[in-house]
Amino acid sequence: MEIISTLTAIFVAASVTLLIFDKFNHPAIPAYIIAGLTVGYFIDSQSLMNLAQIGIAFLVFIFGLKFDPKRLKDEARTSLNATTVQILLTSFIAYSASVFIGYSSFDSAVFAIAAGLSSSLIGLELAEKEIQFELLHGRIAESMHMIQDIIGLLILGVIFASGIENAVYSLGITVGMLAFALVLREFAFDFIAKQADFSSELMMLSGLTALVGFISVTQFFEIPMAIGAFAAGLTAAKFPHNMELLDTMGSIKDFFSAVFFVALGALVTFPTLGVLSLAALLVFFTSFVNPYASYKALKIQGYDSRTSMLASFPLDQISEIT
């Protein structure tokens, strides 16, 4: 009953807020977060945390469905160079600033990771038309986000491990799961689709089965479920089957988007001066340092100012993985 009452509160608040925002043609995500702020005082924080984890797992699964390693081929070197420069520069400055403020090494490392990685979920939606029309800056932005997600998942696999041995163990499990997902994607999913006679319902169930299966593996090995969710999406990310899954799961994606962002808003607490200072720094790094570092890295590699700027703009958010 607790989960039902929690979801009821979330969707009532989300519906009212989204209706108001829609009247003024504002996007949905800020509406969900504001809805969360209104119901956060009435919902148990642990229930919210569980819902947020489920929500982000499904959103990462959806992104995994869109992930095509072959699309990295054309712009791989450019994107890898620019992404490496951007992450290292931003993370180093962010870590140093956090330590200077007085936070511990671990907290500063988490802050640096959050500052250095951007959101594929939002960033790729911002560049959706450029990617769809295969524009150069769209391809670069897409490749940079894909590389950032891979880096983010590998970091996620070790950042919360206790001790070096556990970190190496978690990293090994993460790499193994992603490699296994690629093998299934290449050799198994076509067979599954043929056996299902390309039925949309059976394909959707196959994708959800992969999601539940990989998340179960992460729970068994005690690593973050987002890793399993991405691996599940990667398993089914074989054209044209992934397009069928994305079309079929559109309404489910909207459901979990609302759950995640409302839960995220509900978990917000009244900040202290130190937290506000750190938040202001995070906004500065994500809004200015990340795009500028990417812009300069692309310019150094010979791209013109317009292409470098347009490819760098979608990097001005915080990764959903962090």
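The preceding data block contains the structure.
Below is a summary of the structure that appears in this document. (Residues numbered from 1 in each chain as written. Predicted model: local features only at pLDDT ≥ 70, side-chain atom pairs only at ≥ 80, totals over all residues. Heavy atoms only, no water.)

### Overview of the overall build of the chain
When its secondary structure is counted, the chain shows 16 helices and 0 strands. Here the chain holds 322 residues, and 46% of them are scored as buried. If you take every contact in the chain between residues at least 6 apart in sequence, the share linking residues at least 24 apart comes to 79%. (Helix = DSSP H or I, 4+ residues; strand = E, 2+ residues; numbered from the N terminus. Buried < 20%, exposed > 50% of the residue type's maximum accessible area, 1.4 Å probe, protein only. Contact = heavy atoms within 4.5 Å.)

### Side note on helix H8 (residues 136-159)
End to end, H8 covers 34 Å across 24 residues, agreeing with the expected 34 Å (1.5 Å per residue, within 8%). Counting buried positions over the 24 residues of H8 gives 17, a clear majority of the element. (Expected span 1.5 Å × (residues − 1).)

### A short note on the pattern of salt bridges
What the rule picks out here adds up to 1 salt bridge. Across the pair glutamate 186 and arginine 185 runs a salt bridge, and its minimum N-O distance is 3.5 Å. (Salt bridge = Lys/Arg side-chain N within 4 Å of Asp/Glu carboxyl O.)

### Points about the nonpolar core
Phe61, Leu65, Phe230, Leu245 and Met249 are the most contacted members of the largest nonpolar core, which has 56 residues in total. Per-element accounting of this core gives the leading share, 12 residues, to helix H3 (residues 45-66). Excluding anything up to four places from it in sequence, leucine 245 contacts Leu65, Phe189, Met203, Met204 and Ala236. If you look at the next biggest cluster of nonpolar residues, it comprises 10 residues, including Phe111, Ala115, Leu282 and Phe285. (Core = buried A, V, L, I, M, F, W, Y, C linked by side-chain atoms within 4.5 Å.)

### Points about the environment of phenylalanine 214
With respect to the helices and strands, the residue phenylalanine 214 is situated in helix H11 (residues 200-221). Overall, the relative accessible area of 8% leaves phenylalanine 214 in the buried class. Each C-alpha atom, one on phenylalanine 214 and one on alanine 232, is 6.0 Å from the other, the two residues being 18 residues apart in sequence.

### What about helix H12 (residues 225-235)?
Owing to its 3.6 residues per turn, the α-helix brings residues three or four apart onto one side. Within H12, 11 of the 11 residues are buried, which leaves the element mostly enclosed by the surrounding structure. Taken residue by residue, H12 has Met225, Ala226, Ile227, Gly228, Ala229, Phe230, Ala231, Ala232, Gly233, Leu234 and Thr235 as its buried positions.

### Details of the packing of helix H2 (residues 28-39) against helix H14 (residues 250-266)
Running from amino to carboxyl end, H2 crosses H14 at an angle of 50 degrees, the nearest separation of the two axes being 6 Å. Taken together, the axes of H2 and H14 lie oblique to each other. The element H2 and its partner H14 pack so that their crossing is right-handed. Between H2 and H14, the residues in contact are Ile29, Tyr32, Ile33, Ala35, Gly36, Leu37 and Val39 and Ser257, Ala258, Phe261, Val262, Gly265 and Ala266, respectively. (Axes fitted to C-alpha atoms, helices over the stretch in contact; angles between N-to-C directions. Parallel < 35°, antiparallel > 145°, perpendicular 65-115°, else oblique. Left-handed = near helix turned anticlockwise from the far one by under 90°.)

None of the figures reported here should be taken as evidence of function without further support.
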